[in-house]
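# Working through the structure, step by step
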Amino acid sequence: MHVKIQLGLLVALTVAGLGVLTHAQAAKSAGKASSKMRVFFIEPKNNATVTSPLHMKFGSEGIKIEAVPPGDVTTTRPGVAHYHVGIDEACLPAGKTIVKGTPSWVHFGDGKDVFDTQMTPGKHKLSVQLGDDLHNTLPGACQTITVNVK
């Protein structure tokens, strides 16, 4: 009987230890995934000479791109974002809200990854930045390029 109690205790401690180890590995993996999150322009390339209307295409890694849920959104979904494009704007700091209706920032709350826009001739700065469901910018998730419109 005494051996059964010791065996049971050993099994319980082993299961508990494996649970702690598994949780630690999952937390470590989640941290790595978020540190590898990035956003970028597929088109146009940095320093490209382009024509108007300008065609843009965006890409990302380490995060899922989805449309913002309909209705009055009050919480964010972890690991989910959508694109914002700043025209003649630099990257915003992490946690900054990109206010809808700001003329220099275009929101893609529908989850789209392409955009065509009229641009005046000359040099322009373009920034693509990820935002959560509340349109708050995510850390390290912005790229700025320059284009020259003919």
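Let us look at the structure shown here. (Residues numbered from 1 in each chain as written. Predicted model: local features only at pLDDT ≥ 70, side-chain atom pairs only at ≥ 80, totals over all residues. Heavy atoms only, no water.)

## Some details on the overall build of the chain
Here is the rule: Think of it this way: any DSSP run of H or I at least four residues long counts as a helix, any run of E at least two long counts as a strand, and we number them from the N terminus. Here, two residues are considered to be in contact whenever any of their heavy atoms come within 4.5 Å of each other. Accessibility throughout is a Shrake-Rupley quantity obtained with a 1.4 Å probe, and a residue counts as covered only by protein chains that appear here.
Counting its secondary structure elements, the chain contains 1 helix and 9 strands. Across the chain, the fraction of contacts at a sequence separation of at least 24, relative to all contacts at a separation of at least 6, is 65%. Carbon and sulfur atoms make up 61% of the accessible area of the chain, which amounts to about 9,000 Å² in all.

## Observations concerning the sheet that holds strand β7 (residues 114-117)
Let me state the cut-off plainly: A pair of strands is considered paired only if DSSP assigns at least 2 bridges between the two. Whenever a helix is involved, its axis is fitted only over the stretch in contact; in every case the axis is a line through C-alpha atoms, and angles between N-to-C directions fall within 0 to 180 degrees.
The strand order across the open sheet built from 3 strands is β1-β3-β7, with neighbouring strands paired in antiparallel fashion. Each end of this open sheet is capped by a strand with a single partner; those strands are β1 (38-43) and β7. In this sheet, adjacent strand axes meet at a mean angle of 30° when their direction is disregarded. One ladder, built from 4 bridges, connects strand β3 (residues 54-61) with β7; its direction is antiparallel. Pairing of Lys-57 across the sheet is with Val-114, part of β7.

## Some thoughts on the packing of aromatic side chains
Convention followed: Here is the rule: rings of Phe, Tyr and Trp (six-membered ring for Trp) pair when centre to centre is within 6.5 Å. Planes less than 30 degrees apart are stacked, more than 60 are edge-to-face, and the remainder are tilted.
Under the counting rule described, the total for this entry stands at 4 aromatic pairs. When the centroid spacing of 5.2 Å and the interplanar angle of 45° are considered together, the rings of Phe-58 and Tyr-83 count as tilted. One end of the pair, Phe-58, is in strand β3; the other, Tyr-83, is in strand β5 (residues 80-87), with 25 residues separating them in the sequence. Here a set of aromatic residues connected by ring pairs shows up, and it is made of Phe-41, Phe-58, Tyr-83, Phe-108 and Phe-115.

## Quick word on the pattern of salt bridges
Heads up, the condition is: Counted as salt bridges are all cases of a side-chain nitrogen of Lys or Arg within 4 Å of a carboxyl oxygen of Asp or Glu.
Enumeration according to the criterion identifies 6 salt bridges in this entry. In this structure, Lys-64 engages Glu-66 in a salt bridge whose closest nitrogen and oxygen atoms are separated by 3.0 Å. Here Arg-77 ties to Asp-133 by a salt bridge, and the two come within 2.7 Å at their closest N and O atoms. Here Asp-133 lies in the loop between β8 (122-131) and β9 (137-149) and Arg-77 lies in the loop between β4 (64-65) and β5, a separation of 56 residues in the sequence. Through salt bridges that share partners, Lys-64, Glu-66, Arg-77 and Asp-133 make up one connected network.

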